[in-house]
Amino acid sequence: MAAKTLLELPEEFEKYRPLIEETMKPVVLVDTKVSETSLFQSKFAGDPYFPLSMEYPTNNNGQPLKLLAQINFTEVPKHLANFPEEGILQFYIDGYDDVLGMDFDNGQNQEGFRVIFHESIVHDETKLVQDFSFVKLVDEEMYFPVEREMALSFQAGFEPLSIDDFRSNDMYASILTSIEDDDTLEDAFYDALTGDGHKIGGYPYFTQEDPRAYGDYTDSTIMLLQIDSVGDDILWGDCGVGNFFITAEELNNKDFSKVLYNWDCH
């Protein structure tokens, strides 16, 4: 398989290559560039595509949620099974909230965040919201993780199961047992399978633990989006990471009402 030639492993783990490569799955890596964007472009932060006919998402206090990310699937490589090939997917979070709209007891509770999919795109900009000054939170907003508007570009790839994924303890059990007494080897293994960075699909990275390891989230195996703390302009708490997950059935049905939202930091 062509995908397997892409996997780089430390020499010490070559003997485990067949086991690790068995877990390989498609991923779309996301690159950022600080830039102004159009209403239709894929972006982190900035102004969203939003029809005047729709009600803008707010928190329970009626304060507007802020666009974290917008993915226009016409710009994304056709590489991930069941993902839309067109339409715009948006992720909004609560910039007034010190935990950014995440519900620790129910990660699928969208009172403090929202995932919205626009399947049919209105191209007449006179029918779109143009003025988002009502969302420009200045003094009151201290927590938003993306500090500057960024345009996105995408690259198709493949990656192995990350060490932080809740399934790795079982999948990599034999490897972890064999290296548990060697700190250097253990560190090298974790570094090789870290799962960090911005991406769609693939496997996640966490600074704490995978929320899907417990509760009712074990079916949420598909990562819709991961935004990492990278560079000077993206920071989740103390160098953390944010992720959004969905089940295969929900994704296939374009049902984004039960997306699991998580972020953590050191």
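Refer to the structure presented above.
Description of the overall build of the chain
Now for step 1: Looking only at helices and strands, one finds 5 helices and 10 strands in the chain.
Now for step 2: By the compact-globule yardstick of 18 Å for 266 residues, the chain fits well, its C-alpha radius of gyration being 19 Å.
Now for step 3: Across its three principal axes, the chain shows a C-alpha extent of roughly 60 × 35 × 35 Å.
Now for step 4: Counting across all 266 residues of the chain, residues that qualify as buried make up 50%.
Now for step 5: At a minimum sequence separation of 6, the contacts of the chain that also span at least 24 residues come to 73%.
Now for step 6: Total accessible area on the chain stands at roughly 13000 Å², and carbon and sulfur atoms take up 45% of it.
Now for step 7: Each charge class in the chain was averaged separately, 17 positive and 52 negative side chains, and the resulting centres sit 8 Å apart.

Side note on the side chain of Arg17
Now for step 1: Tracing the backbone through its elements, the reader meets Arg17 in helix H1 (residues 17-21).
Now for step 2: We classify Arg17 as buried; its relative accessible area is 19%.
Now for step 3: A distance of 2.8 Å separates polar atoms of two side chains, one belonging to Arg17 and the other to Glu14.

Some words on a negative patch on the surface
Now for step 1: A contiguous patch of negative charge, built from Glu11, Glu12, Glu180, Asp181, Asp182, Asp183, Asp187 and Asp191, is present on the exposed surface.
Now for step 2: Secondary-structure assignment places Asp191 in helix H4 (residues 183-192).
Now for step 3: The class of Asp191 is exposed, set by a relative accessible area of 60%.

Let's talk about the packing of aromatic side chains
Now for step 1: Counted by the stated rule, this structure contains 18 aromatic pairs.
Now for step 2: Taking the centre distance of 6.5 Å and the plane angle of 90° together, the rings of Phe50 and Tyr92 count as edge-to-face. One end of the pair, Phe50, is in the loop between strand S2 (43-44) and strand S3 (66-72); the other, Tyr92, is in strand S4 (residues 88-93), and 42 residues separate them in sequence. You'll find Phe50 and Tyr92 in the same group, each marked buried.

Remarks on the pattern of salt bridges
Now for step 1: Applying the stated criterion across every chain, the model contains 7 salt bridges.
Now for step 2: Put simply, Arg17 and Glu21 hold a salt bridge, and the shortest N to O gap is 2.8 Å. In this pair, Arg17 and Glu21 both sit in helix H1, 4 residues apart, roughly one turn of the helix.
Now for step 3: For Glu21, a relative accessible area of 11% corresponds to the buried category.
Now for step 4: In this structure, Asp210 and Arg212 form a salt bridge, with 2.9 Å as the shortest nitrogen-oxygen distance.
Now for step 5: Connected via shared salt-bridge partners are Asp165, Arg167, Asp210 and Arg212.

As for the nonpolar core
Now for step 1: Counting 38 residues, the largest nonpolar core has Leu224 and Phe244 as its most contacted members.
Now for step 2: Breaking this core down by element, the ones donating at least two residues are strand S1 (25-34), S3, S4, strand S5 (113-118), strand S6 (150-159), strand S8 (222-228), strand S9 (241-246) and strand S10 (260-264).
Now for step 3: If one sorts the elements of this core by residue count, S8 sits on top with 4 residues.
Now for step 4: Apart from the residues lying within four places of it in its own chain, the contact partners of Leu224 are Phe83, Leu89, Phe91, Lys199, Ile200, Gly201, Phe244, Phe245, Ile246, Leu251, Phe256 and Val259.
Now for step 5: In terms of nonpolar packing, the next biggest core, distinct from the first, is built from 15 residues, Leu7, Phe13, Leu161 and Tyr172 among them.

Focus: the pairing of S9
Now for step 1: Buried residues dominate S9, accounting for 6 of its 6 residues.
Now for step 2: The two faces of S9 match: Val241, Asn243 and Phe245 on one face and Gly242, Phe244 and Ile246 on the other face are all buried.
Now for step 3: Note that S8 and S9 share 6 bridges and pair antiparallel. The partner of Ile227 across the bridge, within S9, is Gly242.

Criteria and thresholds
- Residues numbered from 1 in each chain as written.
- Predicted model: local features only at pLDDT ≥ 70, side-chain atom pairs only at ≥ 80, totals over all residues.
- Heavy atoms only, no water.
- Helix = DSSP H or I, 4+ residues; strand = E, 2+ residues; numbered from the N terminus.
- Rg over C-alpha atoms; globule rule 2.2 N^0.38 Å.
- Buried < 20%, exposed > 50% of the residue type's maximum accessible area, 1.4 Å probe, protein only.
- Contact = heavy atoms within 4.5 Å.
- Areas by Shrake-Rupley, 256 points an atom, 1.4 Å probe, with all protein chains shown as cover.
- Lys, Arg positive; Asp, Glu negative; His and termini not counted.
- Charge placed at Lys NZ, Arg CZ, Asp CG, Glu CD.
- Polar contact = N/O pair within 3.5 Å; in protein donor to acceptor, adjacent residues only side chain to side chain.
- Patch = residues over 30% accessible without salt bridge, like charges linked within 9 Å, V, L, I, M, F, W, Y side chains within 5 Å.
- Salt bridge = Lys/Arg side-chain N within 4 Å of Asp/Glu carboxyl O.
- Phe/Tyr/Trp six-rings, centres within 6.5 Å; stacked < 30°, edge-to-face > 60°.
- Core = buried A, V, L, I, M, F, W, Y, C linked by side-chain atoms within 4.5 Å.
- Pairing = 2+ DSSP bridges.

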